[in-house]
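# Descriptive analysis of the structure
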Amino acid sequence: MQVLQVQLAVQADPAEVGRARRWVRSRLLNHGVDPDAPMAETVVLVVSELVTNAVVHTGCPAVLRLCLPVDCAAPEGAPAPAVPLRVEVADASQVAPAPRHAGADADATNGRGLELVELLCERWGWYPDGSGKRVWCEIGADARPADPLAGVDWAALAQ
């Protein structure tokens, strides 16, 4: 399977996260992916979380890479292989990413980005890369965004 790799240098500025999201939407559209499709929404959300982590926690520039599968003709009668889209973010920190799972503090507004990545992606991980690290994840074409209201206890809120 052929893969098209595109990358974007991201400066150490939180405003760069919005630029990364716009860039990803544009790359997906150029690759023939409907930017409003659930898979595209998932990719944009995951990119937002990973780039935010890189920019906020390292204070250094990062590199965002998308690895987009290129449709290859499958042998007659065989289904085309389902190859996931891969997102990678390389940064200058050697500190391993540590997912923090949502706990009792429902008012917490940060610290759950990798938990989202874990929930939305088929696989994710990281490895040392030069003097820093590379965090990666894979998102299948059938990805569906997580329902943000799925865990709400509506009965408790009504009391």
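Residues numbered from 1 in each chain as written. Predicted model: local features only at pLDDT ≥ 70, side-chain atom pairs only at ≥ 80, totals over all residues. Heavy atoms only, no water.

Broken down by element type, the protein chain carries four helices and five strands. Across the protein chain, helices and strands are ordered from the amino to the carboxyl terminus as β-α-α-β-β-α-β-β-α. Per-residue burial for the protein chain yields a buried fraction of 37% across its 159 residues. By sequence separation, contacts in the protein chain at least 24 residues apart represent 65% of the contacts at least 6 residues apart. Just so you have it, the protein chain exposes about 9300 Å², and 53% of that area is on carbon and sulfur atoms. (Helix = DSSP H or I, 4+ residues; strand = E, 2+ residues; numbered from the N terminus. Buried < 20%, exposed > 50% of the residue type's maximum accessible area, 1.4 Å probe, protein only. Contact = heavy atoms within 4.5 Å. Areas by Shrake-Rupley, 256 points an atom, 1.4 Å probe, with all protein chains shown as cover.)

To continue, consider the sheet that holds strand 2 (residues 62-70). Overall, antiparallel pairing links the five strands, which are arranged 1-2-3-5-4 in an open sheet. The sheet terminates laterally at strand 1 (2-10) and strand 4 (123-129), the two strands that pair on one side only. Taking each pair of neighbouring strands and ignoring which way they run, the sheet shows an average axis angle of 20°. Relative to strand 5 (residues 132-139), strand 3 (residues 85-91) runs antiparallel, the two sharing seven bridges. Bridge assignment links E88 to a residue of strand 5, and that residue is W136. Helix 1 (residues 16-30) rests against strand 1, strand 2 and strand 3 of the sheet, and its axis sits at about 155° to strand 1. (Pairing = 2+ DSSP bridges. Axes fitted to C-alpha atoms, helices over the stretch in contact; angles between N-to-C directions.)

Evaluated as defined, the whole model comprises eight salt bridges. As a salt-bridge pair, R86 and E138 come within 3.1 Å of each other at their nearest N and O atoms. Of the two residues, R86 is situated in strand 3 and E138 in strand 5; the sequence distance between them amounts to 52 residues. Each of the two residues, R86 as well as E138, counts as buried. (Salt bridge = Lys/Arg side-chain N within 4 Å of Asp/Glu carboxyl O.)

It is worth spelling out the side chain of D91 at this point. Relative to the elements of secondary structure, D91 occurs in strand 3. With a relative accessible area of 11%, D91 lands in the buried category. Within the local environment of D91, its side chain forms a polar contact with the backbone nitrogen of S93, the two atoms lying 2.9 Å apart. Within the structure, the side chain of D91 is placed 3.0 Å from the side chain of K133, a separation counted as a polar contact. (Polar contact = N/O pair within 3.5 Å; in protein donor to acceptor, adjacent residues only side chain to side chain.)

Structural measurements only, silent on function.
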